[in-house]
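Tertiary structure, described
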Amino acid sequence: MTRERALEQEMVAVCQALYRRQLLAATDGNVSARSGNNLITTPSGANKGFIREADLITVDLDGRVLTGTGQPTTELLLHLEVYRTRPDAGAVIHAHPPIATAFTVAGVSLAEAVLPEVVLTLGAIPTAPYATTGTPAMAAAVRDLLPYYDAILLEQHGALTVGRDLWDAYNKMEKVEHAALTVWLARQLGQARTLPDAEVVKLTRLGIDKGYRPPLATES
Ligand SMILES: [Zn+2]
């Protein structure tokens, strides 16, 4: 099996997992992965739960379609922005995890240091300002955060994760939604207590030492 074929199979499996886990619904969301000097992406308007390898589209890093019959994802500009900014990115997922997205709709930040595992692996989960979906403004909205964060919420819209490969990006999306669920439950029980500053510093250093954070984050 060629490497590209294996990547296509992996992308279908990741799309199905996102759908089963209800991290997106209907035709929401989009997934891409680096394949040599090009990208494989999901097509526009497809339900990710039922996508097939034949539906996937190959584009170059300028967004030109190389193979595939449909149109590439409408959020292609957002994906291209990630690959241009982050040479370490092997895969990108944009989904609509409902609880994490609800935080942005309610105007409640998920960036506070509440859960050690999130501080260790993601640093924080910041929210990028609102921008119209599918426009260059969406790519611009995440530009300043991308060098430092692998998981970013999109205000009143959804979430974006960057991974070294497809399953890494998937795991980060699942982690974002699980963190949101835990913080939401804690708030219902009374409060979501933040970790002490010294512990946040310790976890952040540990995360950088273990290589969990993006290359630029290690320079801060
Ligand atoms: Zn979206």
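This report concerns the structure included in the present document. From a predicted model like this one, the values you see are computed outputs, not experimental measurements. (Residues numbered from 1 in each chain as written. Predicted model: local features only at pLDDT ≥ 70, side-chain atom pairs only at ≥ 80, totals over all residues. Heavy atoms only, no water.)

Attention now goes to the overall build of the chain. Secondary structure assignment for the chain yields seven helices and eight strands. For 220 residues, the compact-globule estimate of 2.2 N^0.38 gives 17 Å, and the C-alpha radius of gyration of the chain, at 17 Å, lies within 12% of that figure. Dimensions of the chain, computed from the C-alpha atoms along their principal axes, are close to 50 × 35 × 35 Å. When burial is assessed residue by residue, the chain has 48% of its 220 residues classed as buried. (Helix = DSSP H or I, 4+ residues; strand = E, 2+ residues; numbered from the N terminus. Rg over C-alpha atoms; globule rule 2.2 N^0.38 Å. Buried < 20%, exposed > 50% of the residue type's maximum accessible area, 1.4 Å probe, protein only.)

What follows concerns the packing of helix α3 (residues 98-106) against helix α6 (residues 166-189). Contact geometry for α3 and α6: axes closest at 7 Å, N-to-C directions at 60°. Taken as axis vectors, α3 and α6 run oblique relative to one another. Note that α3 runs across α6; the crossing there is left-handed. Residues P98, I99, A100 and F103 of α3 form the contact with α6, whose own contacting residues are V176, E177, A180, L181, V183, W184 and R187. Each residue belonging to the contact of α3 with α6 can be placed in one class, and the counts come to nine nonpolar, no polar and two charged. (Axes fitted to C-alpha atoms, helices over the stretch in contact; angles between N-to-C directions. Parallel < 35°, antiparallel > 145°, perpendicular 65-115°, else oblique. Left-handed = near helix turned anticlockwise from the far one by under 90°. Contact = heavy atoms within 4.5 Å. Nonpolar A, V, L, I, M, F, W, Y, C, P; charged D, E, K, R; others polar.)

Note on aromatic pairs: each is described by the distance of the centres and the angle between the planes. Applying the stated criterion across every chain, the model contains two aromatic pairs. Geometrically, the ring pair formed by Y19 and F50 is edge-to-face, given 5.4 Å between the ring centres and 65° between the ring planes. In this pair, Y19 is assigned in helix α1 (residues 3-20) and F50 in the loop between β2 (38-41) and β3 (57-60), connecting sequence segments 31 residues apart. Of the residues examined, Y19 reaches a relative accessible area of 30% and is grouped as partly exposed. Relative to Y170, the ring of W167 has its centre 5.5 Å away and its plane inclined at 80°; by these criteria the two rings are edge-to-face. (Phe/Tyr/Trp six-rings, centres within 6.5 Å; stacked < 30°, edge-to-face > 60°.)

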